Amino acid sequence: MTVPISHFVTFAAVLFAIGAAGVLLRRSGISILLGIELMLNAANLALVAFGRQHGQLDAQVFVFFVMAVAAAEVAVGLALLVAIFRKQRSIDVDRLNVMRW
Amino acid sequence: MPTDFLLSAIVLTPGVVGLLLLATPREAVRLQRWVSLLASVATLVFAAVAWSRIDPANASFQFVEARTWLPSLGIGYRLGMDGISLVLVLLTALLQPIVFISSWRSIHDKVKGYVVAMLLLETGVLGAFLATDMFLFYVFWELMLVPMYFIIGVWGGERRIYAAVKFVLFTLAGSLLMLVAIIYLSFVFHSQTGTWSFAYEDMLRASVPMGQGFWHSPQMLLFAAFALAFAIKVPIFPLHTWLPDAHTEAPTGGSIILAGVLLKLGTYGLLRFNRPLFPEAWQRATPLFLTLAVIGIVYGALVAWAQKDMKKLVAYSSVTHMGFIVLGLFAGTLTSTQGALLQMVNHGLSTGALFLLVGVVYDRRHTRMIEDFGGLAAVMPLYTGAFLIATLSSIGLPGLNGFVGEFLILTGAFPRHPAVVAVAATGVVLGAVYMLSLVRRVFWNPLAIEANRSLPDLTWREVLAFAPLAFFMVWIGVHPGTFLSLSEAAVRRLIGG
Amino acid sequence: MRADLIALLPELMLATLAMAVLLAGLASGKARHGLLGAGAVLALAATGVTLWLAAGATDPGAHFFSGMFVLDHFAIFFKALFLLTAALVVLLSHDYLKRNDYRPGEYLALVMFATVGMMTMASGVNLAVIYVGLELMALSTYILAGYFRREVKSHEAAAKYFVLGAMSSGILLYGLSLIYGATGTLDLATLARVLASAKPGPSALVGVALLACGFLFKVAAVPFHVWTPDVYEGAPTPITAFMSVGPKAAAFAMFLRVFIGGLAPLAASWIWLVGVAAALTMIWGNVAALTQDNVKRMLAYSSIAHAGYALVGLVAGGPAGVNSVLFYMLVYTVTNIGAFGFVILLESRGYAGETVADYAGLARRHPAAAFGMLLFMLSLGGIPPTAGFMGKLYLFAAAVNAGYVWLVVVAVLMSAVSLYYYLRIVLQMYLREGDGAEPATLVAAPWTERVIWACGVAVLVIGLLPAPFLAAARAMAGAVGLL
């Protein structure tokens, strides 16, 4: 018995929503990074599932690229957080308010 | 002298000289003054050449120049002159040297910027009068905006910045919609013929569908977009509120150009574009514009009457005079339209002269309040005489130019719109009342204020600036046929009669 | 394989040279600003030459790397524009980095990497390639925004840009995956074929909507614009200049390629979305700019508004629409880089020298620079005879032609509004003086001045004689896939 595609798609959608909510609602820089990772991986999951459905390798290869990009993104994000922490002793994004929103 | 590049010479001489002056050092004030004056005189000479060479019986454009500019949209550098543009070009070219002479002493700060802005402005105005490509017309039209902004904003009076910004925003709001209309008009032409063009002569052949109502009628909408831009410029009541501010705050030279020439672009545009391009819409809008014109005439006169500031008074009198011109245009007969065209020139001469003369006492006393003067007739006889001539020309005394224009407008309009003429005629009376009351209070009331006793009379330079205006006032008053015959064929063509 | 590499040669070359600049920067430390800057400009110039050679050696209609990569006229136009932008930004940065005492090596290398990313985006005809290019550009730009690590504002700008940028990338990627799920392809041409033949399901439409959101974020269109003012204000000014033109133009290249190329069959379902976004962007960008006192923030809102104008061209579609967007990007690039160049000249004291009041009376002390700024403001406001006017003319003509008169009416009214705040700067420079204003002193920055001169001349030349530039843009526009 195989798991139908709709399960994957729904799961990916839920994951994406959780990730987006994390980015928008959480205050800690680390949680926001986690949220972004969740969003990217939701997309990855959907891509892999669709790739299998269409019987192609395109999407699977694309996912490798996305993973590499996501890793780079996290590296940049963490480096930024470290720099901010050194300056402000906090990674609470609410404290980034020198300029008005 | 060949006439192949005559119009380019007229249009580009001031602007090119202005740009060259930009490179001169700031201290070379004498050079800048003289060169700018010579450039404007040269332009006047070119305009006079055009006057001597033009064939007034020929209604179509002459001295035509056409070069491609943006071939993909059919936009060209197209210039042409007919009788209508000739008259207005002559007026512009005549007023510009007068502006330079009048501001010889009164502008002493940042002279370079002033003369450059004035020369660029002149190029914009002349280009707008001579462009026979809709797009080129728009470019010149917008080109006037920036110099005028600086003239008001840098050399103006106390509230100059407010006035400058108001002037720009009012003008721009109208003219950008006109740009959309121009593009749409060209699009209509494209869809009817399959070729892109912005040439005026081509646009005349595009028949814009009339449609139903207002919002579903392309012709009404295009008419409205053009008319809005021009009505703001004229200005037609109730779009006139920028005018008193701009006029009062502008330096004397700026006011002369603004009143003498820039306002004419509005009425010129109505006659040149709205009338022939959108004939049905013009018919349908006639009652509205006649009403607004009459309101403007009476309202402008009443408000002018109540002014305490001489310059503001003259500014509001412009609203009245421009109302007459709009009335003449929309009355639509050959006589009234010819009268309107002549009145454009008359208003340029008389109001230009009045602003010039108000500037004369302002330079001496640094006030324009009527109550600060009185009894000047005893102290400044020459000045009094000049002011009297300008006033009489403005209120339409027979024998001077104003009479001919108003008379033609009113007689031309009477057969079709007697009621309108009846109301408008009260404007003539009111005009006489407030102008003569101004003259009485400034020149014949007792000489009560000490500072006025020692006012020097007109200098030779001021006389030199005023004399050509007076000369033409009398010429037009005595023999208007010289000028009416220039434009008759062209006007006939535009109004299709 | 050989042809593939030739087509990719400009990117390969720039990436290699960027690494060389990076290493040279590490080896030479802070002292060698001039050398590294010159190296970066030469590298960009060499890439430009390579691009020219590669374009000559390949067939503009050909596909490379199994149909993932093209070097058509459209791509060449944008790549040339990106290289020009990057070179101007490097020149602008030279004096600025030196004055603020930051190391040039990584900075220049990152600008070059971002350029490689943008070039890849312009050439990609496969969603995966476009995505990778986009991320290369975005990651480099995040770091650049936070490059001034001693400034809190710079950190803040980078953090905000990063969070919102990464989130938009996530949305975009998710949209891609849904479209892939619905069609089974990442290739734009195949995508268009599949979408044209079958009626798309709801998931494809959701995918298109998400994709549109991601793109609108990248071009800073309302309602996805909130990051722009803060990021533009906080980032080092040359980087602000870079972000306002380079990545924006790259995003438009991708937007045109994907929406007018791949998603054309679904036009009916996205065009109203983009149209409404364009109108809102123009309205909100211009209205919000009215109240700004910080010039960088004002230019940020102005860049939002200009994205709105360019979107009008996208909505108009067709060769004329695409052509007008390309031309507008060129016009906007030279104008905006010039304007930011002037802001850089004024930033004499760290982050000071940015409020509108700092411009008071500048015309008297620095007439030439003030005249340049006047030109840029008029061009941004769309007043003839500047380039900005011609750019708008073509956008509006394309939109009227396509029947979007209402959008053009919104655009022109907003142009009138925009002139109010552009003229505020002019007014400060020329009209306010004497009344106690102490004009700021411009710093000596010869290269910045040269950039301003070049941009000023370009603004006038394009404004007076746009025909050759338009012809270039038109030659390029035919190549966006399915036109």
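Residues numbered from 1 in each chain as written. Chains lettered and ligands numbered in written order. Predicted model: local features only at pLDDT ≥ 70, side-chain atom pairs only at ≥ 80, totals over all residues.

1. What about the overall build of chain A?
Scanning chain A for helices and strands turns up three helices and zero strands. When the helices and strands of chain A are listed from N to C terminus, the series reads α-α-α. A compact globule built from 101 residues should have a C-alpha radius of gyration of about 13 Å, whereas chain A, at 17 Å, is more than 25% larger. Seen through its principal axes, chain A has C-alpha atoms that stretch 55 × 25 × 25 Å. Looking at chain A as a whole, 35% of its 101 residues are labelled buried. Pairs at least 24 apart in sequence give 46% of the contacts found in chain A among residues at least 6 apart. (Helix = DSSP H or I, 4+ residues; strand = E, 2+ residues; numbered from the N terminus. Rg over C-alpha atoms; globule rule 2.2 N^0.38 Å. Buried ≥ 20, exposed ≤ 12 C-beta atoms within 10 Å, placed from the backbone. Contact = placed C-beta atoms within 7 Å.)

2. Focus on the overall build of chain C
From N to C terminus, chain C includes 19 helices and two strands. What you see for chain C is a C-alpha radius of gyration of 21 Å, in line with the 23 Å of a compact globule of 483 residues. The dimensions of chain C, computed from C-alpha atoms along their principal axes, are 70 × 55 × 40 Å. The proportion of buried residues among the 483 residues of chain C is 69%. Here the analysis covers contacts within chain C between residues at least 6 apart in sequence; of these, 82% occur between residues at least 24 apart.

3. What to know about the nonpolar core
Of all hydrophobic cores here, the largest spans 441 residues; its most connected members are Val 180 and Leu 327 of chain B together with Val 111, Met 112 and Ala 399 of chain C. Examining the composition of this core, we find that 19 residues originate from one element, helix α13 (residues 318-346) of chain C, more than from any other. Shared between two domains, this core takes at least three residues from each, and those domains are domain 1 (1-276) and domain 2 (278-497) of chain B. Apart from the residues within four sequence positions on either side, Val 111 of chain C is in contact with Ala 86, Val 89, Val 90, Leu 144 and Phe 242 of chain C. (Core = buried A, V, L, I, M, F, W, Y, C linked by C-beta atoms within 7 Å. Domains from an automatic or database assignment.)

4. What to know about the interface of chain C and chain B
Taken together, the contact pairs 24 residues of chain C with 25 residues of chain B. Broken down by secondary-structure element, the contributors of at least two residues to the side of chain C that touches chain B are α16 (387-401), α17 (405-431) and α19 (467-477) of chain C. By residue number, the principal contributor to the side of chain C that touches chain B is α17 of chain C, which donates 13 residues. Its residues assigned to classes, the side of chain C that touches chain B shows 22 nonpolar, two polar and no charged. (Nonpolar A, V, L, I, M, F, W, Y, C, P; charged D, E, K, R; others polar.)

5. Examining the pairing of strand β2 (residues 75-81) of chain B
Remember that side chains alternate between the two faces of the sheet whenever the strand is regular. Residues and elements named next belong to chain B. Among the seven residues that make up β2, six are buried, leaving the element largely enclosed by the rest of the structure. In terms of strand pairing, strand β1 (residues 62-70) meets β2 through six bridges, oriented antiparallel. Paired with Arg 67 across the strands is Tyr 77, a residue of β2. Between the end of β1 and the start of β2, which pair antiparallel, lie four residues, with Gly 74 showing a positive phi angle near 70 degrees. (Pairing = 2+ DSSP bridges.)

6. Structural notes on unusual backbone geometry
In this model, Phe 237 of chain B is joined to Pro 238 of chain B through a cis peptide bond whose omega is 0 degrees. Tracing the chain through its elements places Pro 238 of chain B in the loop between α9 (218-233) and α10 (242-249). The amide bond that connects Val 222 of chain C to the next residue, Pro 223 of chain C, takes the cis arrangement and shows omega of 5 degrees. Although it is not a glycine, Ser 66 of chain C adopts a positive phi angle of roughly 55 degrees. Here Ser 66 of chain C lies in the loop between β1 (63-64) and β2 (69-70). According to the C-beta neighbour criterion, Ser 66 of chain C is exposed, with 9 such atoms within 10 Å.

7. Side note on the confidence of the model for chain C
Confidence in the prediction of chain C, expressed as mean pLDDT, is 87, and 94% of residues score 70 or more. Two numbers describe this predicted complex: its pTM, 0.88, and its ipTM, 0.93. (pLDDT = per-residue confidence, 0-100.)

8. Concerning the arrangement of the chains
Ranking by contact count across two pairs of chains in contact places chains A and C at the top. Structurally, chain A and chain B remain out of contact, their C-alpha atoms never closer than 29 Å.

9. Considering the environment of Thr 115 of chain C
All names here are of chain C. Within the secondary structure layout, Thr 115 lies in helix α4 (residues 104-123). On the basis of neighbour counts, which here come to 32 C-beta atoms within 10 Å, the residue Thr 115 falls in the buried class. Distance from Thr 115 to Lys 79, taken between C-alpha atoms, is 8.5 Å for residues 36 residues apart in sequence. Ignoring any residue separated from it by four or fewer positions in sequence, one finds Thr 115 in contact with Leu 14, Phe 82, Leu 83 and Ala 86.

10. Here we look at the packing of helix α1 (residues 5-25) of chain A against helix α2 (residues 29-54) of chain A
What describes two packed helices is the angle between their axes and the distance between those same axes. All names here are of chain A. Here α1 crosses α2 at 165 degrees, and the two axes come no closer than 7 Å. Taken together, the axes of α1 and α2 lie roughly antiparallel to each other. The two elements α1 and α2 cross, and the hand of that crossing is left-handed. Residue composition of the contact of α1 with α2, by class: 19 nonpolar, six polar and no charged. (Axes fitted to C-alpha atoms, helices over the stretch in contact; angles between N-to-C directions. Parallel < 35°, antiparallel > 145°, perpendicular 65-115°, else oblique. Left-handed = near helix turned anticlockwise from the far one by under 90°.)

11. Here we look at the interface of chain A and chain C
Counting residues at the interface gives 33 residues for chain A, matched by 32 residues for chain C. Counting residues per element, the ones that place at least two in the side of chain A that touches chain C are α1, α2 and α3 (58-88) of chain A. Here the side of chain A that touches chain C takes 14 residues from α3 of chain A, the largest share from any one element. Taken together, the residues that form the side of chain A that touches chain C break down as 26 nonpolar, four polar and three charged.

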